[in-house]
Every structure is written in structure tokens, then in C-alpha cells.
Amino acid sequence: MAPCLMCGVAGIFAYHYAANAISCTELSAMSRHMARRGPDASGEWFDPAERLGLVHRRLAIIDLADRASQPMTSADGRHVIVFNGEIYNHLALREALQKEGAEFRTQSDTEVLLHLYARCGEAMVARLRGMFAFAIYDTSARSLFLARDPYGIKPLYYSDDGWVFRFASQVKTLIAGGGVSRDRDPAGDVGFYLLGSVPEPYTCFREIRALPAGSTMLVDRAGAQVPQTYHRVASVYDAAEHNPGQRHDNPAAFADIALDSVRHHLAGDVEVGAFLSAGVDSAALVGLMRDAGARQIKTITIGFEEFANTSADETSHAAEIARFYGTHHVTRMVSRSEFEADLQPFFEAMDQPSIDGLNTWFAAKTARELGLKAVLSGLGGDELLGGYPSFRDIPGWVNALRVPSRIPLLGKGLRRLGKPLIERLRLHPKLASLPEYGGSYAGAYLLKRGLYLPWELGEVLDRDTIEEGLRRLDPLKLIKAQLQGRSKRPFARIATLESSLYLRNQLLRDADWAGMAHSVEIRTPLVDSEVLKRSAQLDLRGIAGKTALARAPAQPLPQAVLDRPKTGFALPIAEWMQASPFGSLPARRKPPRHGWARDWSRIVHRQFP
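Owing to the predicted nature of the structure, the values given are computational and were not obtained by experimental measurement.

**Focus: the nonpolar core**
Soluble, globular proteins show a tendency: their nonpolar side chains are buried together.
Thinking step 1. If you look at the biggest cluster of nonpolar residues, it comprises 146 residues, and the most contacted ones within it are Phe254, Met289 and Trp600.
Thinking step 2. In terms of residue count, the dominant contributor to this core is helix α19 (residues 490-516) (13 residues).
Thinking step 3. In this structure, Phe254 is in contact with Leu384, Leu385, Leu526, Ser535, Leu538, Leu540, Ala548 and Leu549, ignoring residues within four places of it in sequence.
Thinking step 4. Listed in part, the 22 residues of the second largest apolar core include Leu114, Tyr117, Val125 and Phe134.

Right, here's the structure in full:
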């Protein structure tokens, strides 16, 4: 078995010949900042010439032997690695490498990466299945190689000032070292208010960037090279669409795909629990955990007193599913007082501003209290199987508005004329922009997922920030760039956008920092490059996809679970803001007109000065 290393990594590389030696004090501060990501062990490695230093924080789940500690150096001393993640196909890779003459000193997947890089170089990433962010230093070539998994489950951020290159698992870790400027990036601020999270590669800070998901980067004595993309969600759908000989419309085949992924995600020497809602995705995963051999499964549901006996309360339905599969089930009812008490540590742990993450925070907190270090989550099911309303709404808008949206100034004019009427009718202000944005996939996606639209940003940001932020971010271009490829199928387009934007920049990122804040690893079997590749060859749109997942366990989900209307996960922030003031939240006499997210976004943004 391989050590599962849901940890923290960081490093400093003074690549320029005239740069000063690296600061051990800075690197130590970065390591201390990541303590919650890896409370079980820490390690460091320094180049003798003091040109490079690597640090690692470890959350030990498998193989606690010191021989598997990081940073890990190859047997010949040439390569040194820091690695955060898990390589699911490490056993097959190990066997192939041993046939080629590789000799292993540990059972770790970390060492597999070292041997694979020595043989394949940068091309190694094409052979990996897993979630990962790692850096490998070649002491001979004096080069640093960085890589991030296809979906971007594991984060990796960097800063390059032309002399020194820094990287870390968290944005705030780079800031904590003291060597990176805190100057704000208007693109990050604008991106947050447009989409509810900061879209990569941007961050809140001008000097910090995310290594894009599915990308690699090489840093040598000449500096940091441009990131190279090796995986795109759009390309997977393109390949499936344009290789009809490989396609087959047998939804029953999805059961094998899902079970195979769950088996991989259960790897470890510790107990693995599960987050359980009333929906198909997490419920089916619990059933598949039993099929994969898990016993005495601990499941966790979050509820709120304000939602008791309403359609927003999932707790009773989740408890029924838990009884159906015989799990040890825990329901945590989160009160306003607990929310108040956790507000400050919640914001301190939040690595980049996001309007989400509270549900994961409390679920991970509960997991830790139950003694769990790892849990499965149903994240990614809606993106993979077409479970969001966007799969229906966006193609409909595009078909209806494609022609009028191309008439110059028509959409903007209709928006200005319609805005007063929409305000009088107390409708959502975004409706005024339907003719302006609804005629293209990029525009319609911004309209559907947007928190604010560009013309509304004056409510929350100053004019200079808006102008520079929109220029740098270019939101429609950023969204459209995710669709690069030949696929014309509406399902593939929406699945690509939801996976490459909402899932990547918000759900997965929040799962990482909120889980790691409690030293809990969150695993996502439905967010997996192999699952995507194989399921793209099936007809799994909407109801068909959810039905296929519900029937995947040997003991299929009851039909009532499928028939239950999709509600999404609700939070009572609006109700809490109507109460007396507390923390950063203002008191309100009335519920917010257009949901709680806009008010909450302003509060979140103030936590990142």
C-alpha cells in the first residue's frame, strides 16, 4: 500500500545567478503555516548551495515508517520530491518500473513518482491516475518540475519575481513567509464578485498565481517557463464524440466505472467515512463502499435548526438512507451560536474568498470529532451526470437568443430599458441581462452562475478596480477558453464549463481548505480522470445518469431517492442575518431580496484586506 499524503508542500528556488541565498526563516514560517494540513510530521531539505529549500507537512494515513517521509530523495541522490496527494495506479506503475530494473526502498507512491520522473521526465503525468500536486528537484540539471492533477483537486500556487520562485499548497502560506507582496489583484476581486470564487490562474494577490489544473511547469536557471497543459475536460469529451467506434450507450456499464473508482478511493490503513446528503450522489457512494468491502461505515449529515420540517431539511431523508445501508450515522445540527463561534477560525482557514465552504467546514469538523482522517464526498456527480439546471437552461437560452444577441447594442439597450421594470417587479436584477448575455455559451454561463454581472460591480468595488479587473480577467474570454475543442453537444459543453469552473474553482478548492483545516482528507470518487474518460463514452445525461448511479450499488437506491426533487445544499445565513448583529454579519430587518449570497460575499471579501 502507498502512503496517502494529504499534506502541505512548499519550496523556495533562487534560480537567478545573482539572487541571494534562500531564507531558511521564510521557509520555516511557510512550514508552520501549513501545520494543520499535516499535523503528524514535518520535514525539510536544503540544497548545499542554499539555492533551493523544500518543506513538507504530513497527514499520515498509510505507511507511517520514517523511510516514507518527505522530502524524499532518490537512491542516487539526483532527485528530491515533495508530494501532496495519492496516486491510485501506483501498484501497476511500480510493477512496470520494476520490470525495467527499478529498485524500491519503500512501499510509497512517492517513490514511484521519483522513479517515473527519472525514466519519463515531464511525460510522466500522462501515466498518473490520482489527485496530486508535487515538485521534483533535479540536482544535476538544477531544475524544478511541478505538476498538478487533471481536475485540480490538490492546489498548487506559485510566485516568481524574476529572481526567486516560490510555491506552496496555499496562497496564505506564500504570504505567511513574508517574501511575497500582499498587493491585491483586481482580477481576483472582480472574479470573486462575478462567480463567487476566484477563477484560476488568478488569486487575491497580484504576485501569486495558481498552477492550472492539468498542467506542469519547469523552472530552471533561466526562470519559470509557461505552464504546459496535459489534460483538458473539453478534450476528453471531444475524443469520445469523434471516436464513435469507442462509444456505447449502455448506462449499466457505469456501475463498473463507479465501483472501480470507489475501490481506489478507499485505499488506506485508516477508516474511511462518508458525507451523506439526501441526494443520489453521496447515497450511491455509500452503497458502493459496502460493495467494495467497507464495513461499519460512519456517515455524516449536516442540518440546521432553522430548516426543521421544511423542504430544505435533508437530515431525515439522509437518516433513511443510512438505515438502508446500515451505517453508523451522525447528524450534526449546527446552531447559530456554533456558527458565530466558528466564524473567525473559518475565515482564517479560508485560503481564497468563496461564498461556499461552510457545509464542508462543519462536516469535516464532525469527521475529526469521530476520529476520521478520510471521508468520501459526492462532489462532481452533478457535473459528470448533468444534474444541474444549467444543463437545461443554458442551451435553451442560447438557442432562443443566439440571433438577437448578435445585433450590436441591442442586448445592452434592452437591459437598460428593462432594468427599471425588473426593479419595480422585485425580480432578480440579472434577468435584465438575459438578451445581452444569453445568446452564447460563455455569456449564458456567466448569467447562470454569476453572483453579480459586470454592470453591477459598482455596488461592491471602486471604478478603478472594476476597470482593471475586467481588463485583466476578461471573464467571457476566460469562460470561452474552457470550451476549446470541436464538441458541439450541449451536454458536453455544460459539463465542461461546470467541471472547469464551478467544480474546480469553488467546490474542490473549498473541500481542500475546509477539510485540511480539521486535518481531514476529502476524497471525491466522481472527480477522477479515468471516470471522466470512461463515462464520456456513455449516454449519461440528466435523469439517465442519475439513474445509472442510483442503480450502481448491488443494493440499488430506493426509487423514492430518485424521485425526490433536487434541492441543493441550503444554508440559513439569511435567517442568521435577520437576528441581532454578531461578528462581521450585519443585522437585517428583512430577508435579502435576492438570496443571501450577495450579502455574504461582501462579508467574505472584507476578510481579505
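**Observations regarding the confidence of the model for the protein**
Thinking step 1. Looking at the protein as a whole, its pLDDT mean stands at 90, while 92% of the residues score no less than 70.
Thinking step 2. Contacts from residues 1-5, a stretch scored under 50 in pLDDT, to residues over four places away or in other chains number 34 contacts.
Thinking step 3. Segment residues 580-584: pLDDT under 50, and 12 contacts once partners within four positions in sequence are set aside and those in other chains are kept.

**Notes on the pattern of salt bridges**
A side chain with one charge can pair with a side chain of the opposite charge if their charged atoms come near.
Thinking step 1. With the rule as written, the count across this model stands at 33 salt bridges.
Thinking step 2. Note that Asp260 is salt-bridged to Arg129, the shortest N-O span being 3.0 Å. Pair noted here: Asp260 is in helix α7 (residues 254-265) and Arg129 is in the loop between α3 (109-120) and β6 (130-138), with a separation of 131 residues, a long-range link.
Thinking step 3. We classify Asp260 as partly exposed; its relative accessible area is 22%.

**Observations regarding the side chain of Asp510**
Thinking step 1. Locating Asp510 in the fold gives a position in helix α19.
Thinking step 2. Polar side-chain contacts of Asp510 include one of 2.7 Å to the side chain of Ser354.
Thinking step 3. Apart from the residues within four sequence positions on either side, Asp510 is in contact with Ser354, Asp356, Gly357, Thr360 and Gly515.

Cut-offs applied
- Residues numbered from 1 in each chain as written.
- Predicted model: local features only at pLDDT ≥ 70, side-chain atom pairs only at ≥ 80, totals over all residues.
- Heavy atoms only, no water.
- Core = buried A, V, L, I, M, F, W, Y, C linked by side-chain atoms within 4.5 Å.
- Buried < 20%, exposed > 50% of the residue type's maximum accessible area, 1.4 Å probe, protein only.
- Helix = DSSP H or I, 4+ residues; strand = E, 2+ residues; numbered from the N terminus.
- Contact = heavy atoms within 4.5 Å.
- pLDDT = per-residue confidence, 0-100.
- Salt bridge = Lys/Arg side-chain N within 4 Å of Asp/Glu carboxyl O.
- Polar contact = N/O pair within 3.5 Å; in protein donor to acceptor, adjacent residues only side chain to side chain.

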